[in-house]
Amino acid sequence: GGNTCVEDMSKRKAEDTTQLEQLSAVTTIVADTGDIESIKKFQPTDATTNPSLMFQASQLPQYQFIVDDAVKYAKEKGQTAEEKLSICIDKMCVGFGVEILKIVPGRVSTEVDARLSFDTQATLDKARSLIALYADAGITKDRVLIKIASTWEGFRAAEILEKEGIQCNLTLLFSFAQAVAAAEAGVFLISPFVGRILDWFKKSTGKDSYESHEDPGVVSVSNIYNYYKKHGYETVVMGASFRNKGEILELAGCDRLTISPGLLEQLKSSSETVEVKLTADSAKKTTSEKITLDEKKFRWMMNEDAMATEKLAEGIRNFSADLRKLEALLKPKLE
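About the thresholds
Residues numbered from 1 in each chain as written. Predicted model: local features only at pLDDT ≥ 70, side-chain atom pairs only at ≥ 80, totals over all residues. Heavy atoms only, no water. Helix = DSSP H or I, 4+ residues; strand = E, 2+ residues; numbered from the N terminus. Rg over C-alpha atoms; globule rule 2.2 N^0.38 Å. Buried < 20%, exposed > 50% of the residue type's maximum accessible area, 1.4 Å probe, protein only. Contact = heavy atoms within 4.5 Å. Areas by Shrake-Rupley, 256 points an atom, 1.4 Å probe, with all protein chains shown as cover. Lys, Arg positive; Asp, Glu negative; His and termini not counted. Charge placed at Lys NZ, Arg CZ, Asp CG, Glu CD. Core = buried A, V, L, I, M, F, W, Y, C linked by side-chain atoms within 4.5 Å. Axes fitted to C-alpha atoms, helices over the stretch in contact; angles between N-to-C directions. Parallel < 35°, antiparallel > 145°, perpendicular 65-115°, else oblique. Disulfide = S-S within 2.5 Å. Pairing = 2+ DSSP bridges. Expected span 1.5 Å × (residues − 1). Right-handed = clockwise from strand over helix to strand, strands pointing away.

Engineer: Explanation requested: the overall build of the chain in the structure shown.
Structural biologist: Per the secondary structure count, the chain includes 16 helices and eight strands. Taking 2.2 N^0.38 as the reference for a compact globule, 335 residues should give roughly 20 Å; the C-alpha atoms of the chain span a radius of gyration of 20 Å, in line with that estimate. When the backbone C-alpha atoms are referred to their principal axes, the chain occupies close to 65 × 55 × 40 Å. Going through the 335 residues of the chain one by one, you find that 54% of them count as buried. In the chain, the proportion of contacts linking residues at least 24 apart, taken out of those at least 6 apart, comes to 69%. Put simply, the chain shows about 15,300 Å² of open surface, and 51% of that area lies on carbon and sulfur atoms. Taken as two groups, the 43 positive and 50 negative side-chain charges of the chain have centres that lie 2 Å from each other.

Encoded structure:
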């Protein structure tokens, strides 16, 4: 009869579907890489890049055309050596974004220079110029997320950009205080980190390992997700920075998860059942007081959180260091 096809589908047991397929039924999968070949392989909805990933990708021979194009553009547009370098990096990051957008149906996240993390105006200027470069390449702003570090100044810049229709991804987010400030600024998306929180706790407690459900990074993101859904915030929660597959599976049901190619591969090669852990309905049953933060309260809460304070500072330092490495790579080409 006409129903056989429906029956056949329902007979298709969970064992037949990979964990990646099961996960993507409840969570939007994002690839955390600048490597275009990996993105083709896993067919994620979105992709995220950062200065470290850009530095790695810029050295691969297959992407030299992006680098060369950026160098040529910077030589034409820039006056001083400093200007040329800045234009070159922006153009290169956008160049990678443009290539990635040929593959993903959704969005690409492009990072603002981490050295501007404490400068609201400079962050605004940089974000607008990245969006203008994308526009020149025929990419509309609804396909780009501007990635900004989760500092007080970053939130203030994002709040203004969102009103201009430039949507933001607030990254290096390690604490509840940062999550509250992001939601109150009305940002489109946050990237709360998981693995880097685990790293800090392992180092600080001397504990070798945590069960996935007790992993402090997993607990942090679960709390943020539940708080947002309970209090009606529309900001998208995209878990990031994973150390193992267990962390990812414990966050099944989260709005989005951005995952490195190595862990996407692990999810693709297993067909064990994936249980949904986070839902908006169960979040509504959780208890939490809605809080609001001004700058003084935000800074105090951050300072009370040693892990978040240290990890935010370290993240900004590391991204800045990778930008300097990228500059060192490009400088000779611009002369």
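Engineer: Please clarify how the nonpolar core should be interpreted in this entry.
Structural biologist: Buried together is how nonpolar side chains tend to be arranged in soluble globular proteins. Met92, Ile146, Ile190, Tyr228, Leu251, Ile259 and Leu330 are the most contacted members of the largest nonpolar core, which totals 104 residues. In terms of residue count, helix 6 (residues 81–101) provides more of this core than any other element does, 10 residues in total. Val30, Leu145, Phe188 and Leu189 belong to the second largest nonpolar core, which has six residues in total.

Engineer: Even after reading the chapter, I still don't get the packing of helix 9 (residues 176–185) against helix 15 (residues 295–304), so can you show me in this structure?
Structural biologist: Think of two packed helices as two axes; the pair is described by the angle between the axes and how far apart they sit. Here helix 9 crosses helix 15 at 155°, and the two axes come no closer than 8 Å. Taken together, the axes of helix 9 and helix 15 lie roughly antiparallel to each other. In this structure, helix 9 contributes Phe176, Ala177, Gln178 and Ala181 to the contact, and helix 15 contributes Phe298, Met301 and Met302.

Engineer: Help me out: how do you make sense of the state of the cysteines in this one?
Structural biologist: The term disulfide refers to a covalent linkage connecting the sulfur atoms of a pair of cysteines. Per the stated rule, a full pass over the model turns up zero disulfides. Sulfur of Cys168: no disulfide; nearest cysteine sulfur belongs to Cys93 and is 16 Å away. With no disulfide partner, Cys254 has as its closest neighbouring cysteine sulfur the one in Cys168, 19 Å distant. Using a relative accessible area of 0% as the deciding quantity, one classes Cys254 as buried.

Engineer: Even after reading the chapter, I still don't get the sheet that holds strand 5 (residues 168–173), so can you show me in this structure?
Structural biologist: Sheet strands pair via backbone hydrogen bonds, and the direction of the pair is either parallel or antiparallel. Reading around the circumference, 1-2-3-4-5-6-7-8 is the order of the eight strands in this closed barrel, with parallel pairing throughout. Ignoring strand direction, the axes of neighbouring strands in this sheet form an average angle of 30°. Of the strand pairs in this sheet, strand 6 (residues 189–192) and strand 7 (residues 236–239) are connected by two bridges, and their pairing is parallel. Within the sheet, the bridge partner assigned to Leu189 lies in strand 7 and is Val236. Where helix 9 meets the sheet, its contacts fall on strand 5 and strand 6, and the angle it forms with strand 5 comes to roughly 170°.

Engineer: I'm lost on helix 8 (residues 152–163) in this one. Help?
Structural biologist: Helical geometry note: an α-helix holds 3.6 residues per turn, so side chains three or four residues apart project in the same direction. For helix 8, spanning 12 residues, the distance from its first C-alpha to its last is 17 Å, which sits close to the expected 16 Å at 1.5 Å a residue. Where helix 8 is buried, its residues meet helix 7 (120–136), strand 4 (144–149), strand 5, helix 9 and helix 15. Following helix 8 by one or two positions, Gly165 adopts a phi angle in the positive range, close to 80°.

Engineer: Any chance you could explain the pairing of strand 1 (residues 28–32) here in plain terms?
Structural biologist: A regular strand places its side chains so that they alternate between the two faces of the sheet. Burial of strand 1 is extensive: four of the five residues sit out of reach of the surface. Pairing of strand 1 with strand 8 (residues 256–259), which is carried by four bridges, proceeds in the parallel orientation. Each bridged residue has a counterpart across the sheet, and for Ile29 the counterpart in strand 8 is Leu257. Direction of pairing for strand 1 relative to strand 2 (residues 46–48): parallel, over a ladder of three bridges. Opposite Val30, over in strand 2, you have Asp46 as the bridge partner. In this fold, strand 1 hands off to helix 3 (residues 36–42), which returns the chain to strand 2; that crossover is right-handed.

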